[in-house]
Amino acid sequence: GAVVSQHPSWVICKSGTSVKIECRSLDFQATTMFWYRQFPKQSLMLMATSNEGSKATYEQGVEKDKFLINHASLTLSTLTVTSAHPEDSSFYICSARGEGETLAGGPGSYNEQFFGPGTRLTVL
Amino acid sequence: GESVGLHLPTLSVQEGDNSIINCAYSNSASDYFIWYKQESGKGPQFIIDIRSNMDKRQGQRVTVLLNKTVKHLSLQIAATQPGDSAVYFCAENRDSGGSNYKLTFGKGTLLTVNP
């Protein structure tokens, strides 16, 4: 199946610094990538949607100047948390979606998103 | 606002029993539903999906049932095993315009399998 990786898997940084998280689709081209944030014992909340070569679309309440997203190629998207603060500490998960039904199996699957393993960010 | 929610936040079962995890959704425009399994510290793992024009779909040891009349989704796991212990999320997929489909996740159910 389709594989999505994230780097780093965890990061600890000081308050006020910036952190970059990479999301890569390893064996398929991802026209669309999604970034989610998950706080402990909570669900995944979509932060933004990025299409290759265009600006990301942010969900309501997500600061675009704080969470910079770049999707420069069909296999790589990056999320940069700028001027990180302790309240930004969270589990950040990306997902990638390819074209049509070619990546999915079975008659019920389409537009499937493949998720990365997540990045644990801790801001001190 | 419209959302996807769950009836039970936790579920504890004995190994070998069948598990049923429920999910209620309110967005009648959603056309595709997915169940994910998430183990601690990992990303969501696809389990099974179903389109809105279906009411049942079966996989290996798992079955998803969709009742559009009452906007209810369920995941049935047969012969539950300790490795099934995880948080299970339902998600609805809806067209957000253009070619983008966004997922809205439910709150999650923690499944604990007792040996």
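Note: the structure precedes this text.
Predicted model only: the values in this text are computed from it and were never measured.

Reading guide: rules and limits
- Within every chain, residues take consecutive numbers counted from 1 along the sequence as written.
- Note on labels: chains are lettered from A, ligands numbered from 1, in written order.
- Selection of residues for local features in this predicted model requires a pLDDT of at least 70, selection of side-chain atom pairs for listing and counting requires 80 or more, and totals for whole chains, interfaces and linings are taken over all residues.
- For side-chain calculations, the full set of non-hydrogen atoms in the structure is used, while hydrogens and water are omitted.
- Segments assigned H or I by DSSP are reported as helices when at least four residues long, segments assigned E as strands when at least two residues long, and all are numbered from the N terminus.
- Exposure is judged per residue with a 1.4 Å probe applied to protein chains only, and the accessible area is read against the type maximum: over 50% gives exposed, under 20% gives buried, and values in between give partly exposed.
- Whether two residues touch is decided by their heavy atoms; if any such pair falls within 4.5 Å, the residues are in contact.
- Reported accessibility uses the Shrake-Rupley method at a 1.4 Å probe radius. Residues are deemed covered only where the shown protein chains occlude them.
- Note on terms: buried area is the combined drop in 1.4 Å-probe accessible area of two parts once they are placed together, counting the loss on both.
- We define a salt bridge as a side-chain nitrogen of Lys or Arg found within 4 Å of a carboxyl oxygen belonging to Asp or Glu.
- Polar contacts, as used here, are pairs of N or O atoms within 3.5 Å; protein pairs need one atom able to donate a hydrogen and one able to accept it. Residues neighboring in sequence count only if both atoms are side-chain atoms.
- Note on terminology: disulfide denotes any pair of cysteine sulfur atoms within 2.5 Å.
- The criterion is simple. A nonpolar core is a set of buried Ala, Val, Leu, Ile, Met, Phe, Trp, Tyr and Cys residues joined through side-chain atoms within 4.5 Å.
- For cavity detection a 1 Å grid was placed over the protein atoms alone, and a set of points counts as a cavity when a 1.4 Å probe fits there but cannot get out; an open set counts as a pocket when protein lies on both sides within 12 Å along at least five of seven lines, with lining residues being those that have an atom within 4 Å of a point.
- Grid points are joined across faces, edges and corners, and a volume is the space filled by probe spheres set on the points.
- Residue type decides the class: Asp, Glu, Lys and Arg count as charged, Ala, Val, Leu, Ile, Met, Phe, Trp, Tyr, Cys and Pro as nonpolar, and the leftover types, Gly among them, as polar.

Draft legend 1. Fine view of the overall build of chain A. In terms of helices and strands, chain A carries zero helices and eleven strands. Along the chain direction, N to C, the helices and strands of chain A fall in the order β-β-β-β-β-β-β-β-β-β-β. The buried share of chain A, reckoned over its 124 residues, is 52%. Contacts spanning at least 24 positions in sequence make up 58% of the contacts within chain A whose residues lie at least 6 apart. Of the roughly 6000 Å² that chain A leaves accessible, carbon and sulfur atoms contribute 53%.

Draft legend 2. A look at the interface of chain B and chain A. At the junction of the two partners, chain B supplies 23 residues and chain A supplies 27 residues. Both faces combined, the contact of chain B with chain A buries some 1900 Å², and carbon together with sulfur accounts for 47% of it. Put simply, chain B and chain A have one salt bridge between them. Its salt-bridge partner being Lys102 of chain B, residue Glu59 of chain A comes within 2.9 Å of it at the nearest N-O pair. Applying the counting criterion to the chain B and chain A interface returns four residue pairs in polar contact (both at pLDDT 80 or more).

Draft legend 3. The arrangement of the state of the cysteines in detail. Taken as a whole, this structure holds two disulfides over all chains when the rule is applied. Here Cys23 of chain A connects covalently by a disulfide to Cys94 of chain A, the sulfurs 2.0 Å from one another. Its S-S torsion of approximately 80 degrees makes the covalent link between Cys23 of chain A and Cys94 of chain A right-handed. Within this pair, whereas Cys23 of chain A is found in strand E3 (residues 19-25), its partner Cys94 of chain A is found in strand E9 (residues 90-97), the two being separated by 71 residues in sequence. Comparing Cys23 of chain A with Cys94 of chain A shows no difference in burial state: the two are buried. Each sulfur in the disulfide pair Cys23 of chain B and Cys90 of chain B lies 1.9 Å from the other. On the sign convention where negative means left-handed, the S-S torsion of about 50 degrees between Cys23 of chain B and Cys90 of chain B marks this disulfide as right-handed. Placement of Cys23 of chain B in strand E3 (residues 19-25) and of Cys90 of chain B in strand E9 (residues 86-95) is noted, with a sequence separation of 67 residues between them. A residue is classified by how much of its surface remains accessible, and Cys90 of chain B, at 0% relative accessible area, is buried.

Draft legend 4. Representation of the nonpolar core in the model. Core analysis: the largest hydrophobic core is formed by 26 residues, its most contacted members being Phe67 and Leu121 of chain A. Apart from residues no more than four positions distant in its own chain, Leu121 of chain A is found in contact with Val11, Cys13, Val19, Val81, Asp88, Ser89, Ser90 and Tyr92 of chain A.

Draft legend 5. Main features of the layout of surface pockets. If you add up the space inside the largest pocket, you get close to 470 Å³. Around the largest pocket, the lining is made up of 21 residues, and of these Gln38, Lys41 and Gln42 of chain A together with Gln38 and Val87 of chain B lie nearest the centre. Contributions of two or more residues to the lining of the largest pocket are made by E9 and strand E11 (109-114) of chain B. When residues in the lining of the largest pocket are grouped by element, the largest group, three residues, is from E9 of chain B. The residue inventory of the lining of the largest pocket, partitioned by class, reads eight nonpolar, eight polar and five charged.

Draft legend 6. Broad picture of unusual backbone geometry. For the bond running from His7 of chain A to Pro8 of chain A, omega is 0 degrees, close enough to zero to count as cis. For Ser83 of chain A, which is not glycine, the phi dihedral falls at a positive 45 degrees. Within the secondary structure, Ser83 of chain A is located in the loop between strand E8 (76-81) and E9. Positioned with a positive phi, Ala79 of chain B is a non-glycine residue whose angle comes to about 50 degrees. On the secondary structure map, Ala79 of chain B appears in the loop between strand E8 (72-77) and E9.

Draft legend 7. Up close: the pattern of salt bridges. Residues and elements named next belong to chain B. All told, the structure shown has six salt bridges over all chains when counted by the stated rule. Lys42 is the partner of Glu39 in a salt bridge, and the nearest nitrogen-oxygen pair spans 3.6 Å. Asp84 is paired through a salt bridge with Arg61; the nearest N and O atoms lie 2.9 Å apart. Of this pair, Asp84 sits in the loop between E8 and E9 while Arg61 is found in the loop between strand E6 (56-58) and strand E7 (62-67), placing the two residues 23 residues apart along the sequence.

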